[in-house]
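Per-entry structural report
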Amino acid sequence: DNNEYLLTIMSDITELNLSREALTISEEKYRRPFDDAQIGIYQVNPVGRFVTANKTVARILGYESPEDLINSVTDITSQVYVNPEDREKALEWLRKDGFFENFQLQNRQKNGNIIWVEASVYIIKDDNGNVLYHEGTTKDITVLKQAEEQLKGSQEQYRSLFDNVPIGIYQVSPSGRIMTINGAAARILGYDSP
């Protein structure tokens, strides 16, 4: 009748809002363990750029925050890997097996310091088999590697001392079998070598 009307269409979005609230709570619930984990957790896209990273990865690599790491590192091969061959080896394992575990390698921190890390990485693919990213964990094992080097040095010193001391040294099992003997002891017993 030539009157203007306002047509309103309403939809009940209560369920949608409840779902959004539940999703937010769920994200918060799982974000905290991800961020606060004592092991580095990250995702890198196939071209070598961080997609996500937790605080521990950022700290291990010497960055202020995960955002600083993600924004600063544009190519992990040249910026993080000390030896590019290690990246190639890792990619080869990923192509072949889809994962690798406990790979010990050197990484470069933001300030240029070189550290040892142990990494485990898995390929994440979409429904069509395309690689979305490489998801991994890492931990700083620099102190462990330094301790191994010190132990190796101590073992070499002990071995040198044992082999070169001018007195005979040996170990015998309870049954009387010689288990370890140095050169001096072998010569004393009439043998050319241990």
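Everything discussed here concerns the structure shown above.
Quick caveat: nothing in here was measured; it's all calculated off a predicted structure.

A look at the overall build of the protein
When its secondary structure is counted, the protein shows 7 helices and 7 strands. Going from N to C terminus, the protein has its helices and strands arranged as α-β-β-α-α-α-α-β-β-β-α-β-β-α. Taking 2.2 N^0.38 as the reference for a compact globule, 194 residues should give roughly 16 Å; the C-alpha atoms of the protein span a radius of gyration of 30 Å, well beyond that estimate. The buried share of the protein, reckoned over its 194 residues, is 30%. Partitioning the contacts of the protein with sequence separation of at least 6, the portion at a separation of at least 24 is 33%. Here the protein displays about 13900 Å² of accessible surface, and carbon together with sulfur accounts for 51% of that area. Treating the 20 positive side-chain charges of the protein as one cloud and the 29 negative ones as another, the clouds have centres 10 Å apart.

Notes on the pairing of strand β3 (residues 99-108)
As paired strands, β3 and strand β4 (residues 114-125) are joined by 8 bridges and run antiparallel to one another. Across the sheet, residue Gln106 finds its bridge partner in β4, namely Trp116. Taken together, β3 and the strand that follows it, β4, pair antiparallel across an intervening segment of 5 residues, in which Gly112 is found at a positive phi of about 95°.

A few points about a nonpolar patch on the surface
A cluster of nonpolar side chains, Tyr170, Val172, Ile178, Ile188, Leu189 and Tyr191, forms an exposed patch at the surface whose accessible area comes to about 660 Å². Inspection of the secondary structure puts Ile188 in helix α7 (residues 183-188).

A look at the environment of Tyr170
Here Tyr170 is to be found in strand β6 (residues 170-172). Contact partners of Tyr170, with chain neighbours within four places excluded, come to Thr180, Ile181 and Ala185.

Digging into empty space enclosed by the protein
One pass over the structure, following the stated rule, counts 1 cavity of 30 Å³ or more. Put simply, the largest cavity is a space of about 230 Å³. Together, 20 residues line the largest cavity, and Tyr42, Ile76, Tyr81, Ala119 and Val121 are the ones closest to its centre. At the level of elements, β1 (40-44), α2 (55-60), α5 (84-97), β3, β4 and β5 (131-140) are the ones that each hand at least two residues to the lining of the largest cavity.

Remarks on the nonpolar core
Within the largest apolar cluster, 25 residues are counted, with the highest numbers of intra-cluster contacts made by Tyr42, Phe50, Leu61 and Leu69. Looking at this core, the elements that each hand over two or more residues are β1, β2 (50-53), α2, α5, β3 and β4. Per element, the largest residue contribution to this core is 5 residues, and it comes from β4. The residues touching Tyr42, leaving out its near neighbours within four places in the chain, are Phe50, Thr52, Ala53, Val57, Ala119, Val121, His134, Glu135, Gly136, Thr137 and Thr138.

Scoring rules and cut-offs
Residues numbered from 1 in each chain as written. Predicted model: local features only at pLDDT ≥ 70, side-chain atom pairs only at ≥ 80, totals over all residues. Heavy atoms only, no water. Helix = DSSP H or I, 4+ residues; strand = E, 2+ residues; numbered from the N terminus. Rg over C-alpha atoms; globule rule 2.2 N^0.38 Å. Buried < 20%, exposed > 50% of the residue type's maximum accessible area, 1.4 Å probe, protein only. Contact = heavy atoms within 4.5 Å. Areas by Shrake-Rupley, 256 points an atom, 1.4 Å probe, with all protein chains shown as cover. Lys, Arg positive; Asp, Glu negative; His and termini not counted. Charge placed at Lys NZ, Arg CZ, Asp CG, Glu CD. Pairing = 2+ DSSP bridges. Patch = residues over 30% accessible without salt bridge, like charges linked within 9 Å, V, L, I, M, F, W, Y side chains within 5 Å. Salt bridge = Lys/Arg side-chain N within 4 Å of Asp/Glu carboxyl O. 1 Å grid on protein atoms, 1.4 Å probe; cavity = no way out; pocket = protein on both sides within 12 Å on 5 of 7 lines; lining within 4 Å. Points joined across faces, edges and corners; volume = space filled by probe spheres on them. Core = buried A, V, L, I, M, F, W, Y, C linked by side-chain atoms within 4.5 Å.

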